[in-house]
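One-letter residues, chain by chain:
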Amino acid sequence: MATTFTLISSVTVGGGGSAVIEFTSIPQTYTDLQILLSVRSSTAAGNSNCFIYLNGTFGTSYAQQRLSGDGSNVVSDSQTSYPWVDMINAIPNATYTANTFGSAQIYIPNYASSNNKSLSVDFVGENNSTTSYIYITAGLFQNSSGITSITIDGTDNFVQYSTAYLYGISNA
Amino acid sequence: MTATYEKIATTTLGSNQATVTFSSIPGTYTDLVLITNEKQTNTSNRSSALRFNSDSNSNYTQTGLYGTGSAAGTFRTSSTTLIYYGFYGYSTTSNFNFNSIININNYSNTAVNKTVLSRANNAQNGVDIIVGLWRNTAAITSITLTMETLSDFTTGSTFTLYGIKSA
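Note that the structure is a prediction, hence the values are computed from the model and not measured. (Residues numbered from 1 in each chain as written. Chains lettered and ligands numbered in written order. Predicted model: local features only at pLDDT ≥ 70, side-chain atom pairs only at ≥ 80, totals over all residues.)

The subject of this paragraph is the overall build of chain B. In terms of regular secondary structure, chain B is built from zero helices and twelve strands. Secondary structure elements of chain B occur, N-terminal to C-terminal, as β-β-β-β-β-β-β-β-β-β-β-β. Its C-alpha atoms give chain B a radius of gyration of 15 Å, within 12% of the compact-globule value 15 Å for 167 residues. Across its three principal axes, chain B shows a C-alpha extent of roughly 45 × 35 × 30 Å. (Helix = DSSP H or I, 4+ residues; strand = E, 2+ residues; numbered from the N terminus. Rg over C-alpha atoms; globule rule 2.2 N^0.38 Å.)

Encoded structure:
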């Protein structure tokens, strides 16, 4: 029987940190993609954002619906004609509890189809002192091309020990 | 080595359908995951929902958390005839902008009622997370997906059921 859930690629950020985490040359032979992240930003003050874009495409190709909470407030917002799918203030950084990384799960069904690509994004960034955030986000990449690259970017660098795993799920 | 994550069944609709059913689900897995990528026929948006083992009686309960871009809220219904898996994050007639991830853990355990955790995503309408309860200890052997009245799943909608083994 064909393997259903396969690791395509992984990234572990080294000692120098990394501005982005990127998966390229993604084979078109699976049905869905899942990305699991464990990330922390090097930002020394203020908050850190995380954003995801596909096939190197910025511009106005994305839309999103976000629902977030920080322990005090719940916010629902949305964007259209947007340059990426993002989570604001979500990533733990140098102002957060030490050795604490945010976790995310991103699922993209039918990533190789000629339809628009819908994304399911869940992100949590816990912190034992000040505010931290949880997001559930519906993303949309309004593009008929199969996804061949995924870029995870953020405010400043991702620090050492940040990890990202790209899995392919096959329904064959 | 025993495969941990296996496809049980998949379907891509060749024509519009009111329901999609996965039947004869084997009881040999630990948990189930159902992935949908769908759109609907009705221009007045309708929510997606599911039932287990053809039970259309008032044996379901659900609690949901949602965001529509302009409002965040929660809902709860009890003694209902179905569980929503896309309530405000419902599919629409425009492209395949909707997806859902539905987790059904411990689905074949006959000592417990069955719970569902679903995440639904439509960047144009809403995002939600819903927990549902089927008050029945029977093993789940079928799952029927449906839309609210006056709408069908369209041609090209995809539905895949996976089984996860813990041993």
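Still more to cover.
A tally of regular secondary structure across chain A gives zero helices and twelve strands. Taken from N to C terminus, the helices and strands of chain A fall in the order β-β-β-β-β-β-β-β-β-β-β-β. In terms of overall dimensions, chain A is globule-like: its C-alpha atoms have a radius of gyration of 16 Å, near the 16 Å expected for 172 residues. Counting only C-alpha atoms, chain A reaches 45 × 35 × 30 Å along its principal axes. Out of the 172 residues belonging to chain A, those deemed buried represent 42%. Long-range pairs, those at least 24 residues apart, make up 80% of the contacts in chain A between residues at least 6 apart in sequence. (Buried ≥ 20, exposed ≤ 12 C-beta atoms within 10 Å, placed from the backbone. Contact = placed C-beta atoms within 7 Å.)

Residues and elements named next belong to chain A. The four strands are arranged 2-11-4-7 in an open sheet whose pairing can be described as antiparallel. Strands at the two margins of the open sheet, each flanked by one partner only, are strand 2 (18–23) and strand 7 (85–87). Direction aside, neighbouring strands of the sheet carry axes that sit 15° apart on average. Looking at chain direction, strand 4 (residues 50–54) and strand 7 are connected through three bridges and run antiparallel. Its bridge partner being in strand 7, Cys-50 is matched across the sheet by Met-87. (Pairing = 2+ DSSP bridges. Axes fitted to C-alpha atoms, helices over the stretch in contact; angles between N-to-C directions.)

So, on to the environment of Ile-83 of chain B. All names here are of chain B. Looking at where Ile-83 falls in the secondary structure, it is placed in strand 7 (residues 83–86). C-alpha of Ile-83 to C-alpha of Ser-118: the two residues are 35 residues apart in sequence and 9.8 Å apart in space. The contact partners of Ile-83, leaving out residues within four places of it in the chain, are Ala-49, Leu-50, Tyr-60, Gln-62, Val-116 and Gly-132.

Here we come to the sheet that holds strand 5 (residues 62–69) of chain A. Residue and element names in this part refer to chain A. Pairing in this open sheet of eight strands is antiparallel, and the strands run 1-12-3-8-9-10-5-6 from one edge to the other. At either end of the open sheet lies a strand with only one pairing partner, and these are strand 1 (5–12) and strand 6 (74–82). Ignoring strand direction, the axes of neighbouring strands in this sheet form an average angle of 15°.

Attention now goes to the interface of chain A and chain B. Contacts between chain A and chain B engage 28 residues on the former and 32 residues on the latter. Elements that contribute at least two residues to the side of chain A that touches chain B include exactly strand 5, strand 6, strand 9 (117–125) and strand 10 (133–141) of chain A. For the side of chain A that touches chain B, a count of residues per class yields twelve nonpolar, 13 polar and three charged. (Nonpolar A, V, L, I, M, F, W, Y, C, P; charged D, E, K, R; others polar.)

Right, let's get into the environment of Gly-156 of chain B. Residue and element names in this part refer to chain B. Relative to the elements of secondary structure, Gly-156 occurs in the loop between strand 11 (143–147) and strand 12 (158–164). Looking at Gly-156, the number of C-beta atoms within 10 Å reads 18, which means it is partly exposed. If near-sequence neighbours (up to four positions away) are discounted, Gly-156 is found in contact with Thr-12, Leu-13 and Phe-96.

All names here are of chain A. Relative to strand 12 (residues 163–169), strand 1 is paired through seven bridges, and the arrangement is antiparallel. Bridging from a neighbouring strand, Ser-9 pairs with Leu-166 of strand 12. Relative to strand 12, strand 3 (residues 32–39) runs antiparallel, the two sharing seven bridges. Each residue of the ladder has a partner; that of Ile-35, found in strand 12, is Leu-166.

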